[in-house]
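Remarks on the overall topology
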Amino acid sequence: MPREMWKCYRCGYEWFCHSDLESSNPQCPNCRSYYTLSSQTYNKILDKVLDATPKNPGSPRFLLVLGKILEELGVRFRPLATLTLASRIIEDVKARRR
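Residues numbered from 1 in each chain as written. Predicted model: local features only at pLDDT ≥ 70, side-chain atom pairs only at ≥ 80, totals over all residues. Heavy atoms only, no water.

Turning next to helix H1 (residues 39–52). Each α-helix winds once per 3.6 residues, and so residues spaced three or four apart point in a common direction. When the terminal C-alpha atoms of H1 are compared, their 20 Å separation across 14 residues agrees well with the 20 Å that a helix rising 1.5 Å per residue should span. Within the sequence span of H1, burial applies to Ser39, Tyr42, Ile45, Leu46 and Val49. The arc enclosing the buried residues of H1, seen along the axis, measures out at 130°, which places them on a common side. Opposite the packed face of H1, turned more than 90 degrees from it, sit the exposed residues Gln40 and Asp51. Buried positions along H1 lie against strand S1 (3–8), strand S2 (14–18), strand S3 (36–38), helix H2 (60–73) and helix H3 (79–96). (Helix = DSSP H or I, 4+ residues; strand = E, 2+ residues; numbered from the N terminus. Expected span 1.5 Å × (residues − 1). Buried < 20%, exposed > 50% of the residue type's maximum accessible area, 1.4 Å probe, protein only. Arc of directions from axis to C-beta. Contact = heavy atoms within 4.5 Å.)

Next up, the structure:
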């Protein structure tokens, strides 16, 4: 069975799951949230944000850049999920830039 790494952008937990057993959006085993993305997609978003944003990830320009990146990758969420993802991305950008 193929296994894929997933990341919860609500709590930051990463885990492996069997891709054929889970739906397209599996539930996080840590916090039970459905705010999950494959780690590959999450890291692609994070890398593009790191390349395209200024040093201050909390700036309004950051949100515009993140919106364009999500649109480019075809990732769509409800507004609250998008804000939750933006919050997690900001934390990870700050951690990587230290």
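Having seen it, we continue.
As a further point, take the sheet that holds S1. Taking strand neighbours across the sheet as the criterion, the three strands line up as S2-S1-S3 in an open arrangement whose pairing is antiparallel. The sheet is open, and its two edges are formed by S2 and S3, each paired on a single side. On average, adjacent strands in this sheet sit at an angle of 40° to one another, irrespective of strand direction. Where S1 lies against S2, five bridges are found, and the strand directions are antiparallel. Bridged to Trp6 within S2 is Trp15. Lying on the sheet, H1 is in contact with S1, S2 and S3; it crosses S3 at an angle near 90°. (Pairing = 2+ DSSP bridges. Axes fitted to C-alpha atoms, helices over the stretch in contact; angles between N-to-C directions.)

Moving on, we come to the environment of Leu46. Within the secondary structure, Leu46 sits in helix H1. Put simply, Leu46 and Ile69 are 23 residues apart on the chain and 9.6 Å apart in space, counted from C-alpha to C-alpha. What Leu46 contacts, discounting residues up to four positions off in sequence, is Ile89, Asp92, Val93 and Arg96.

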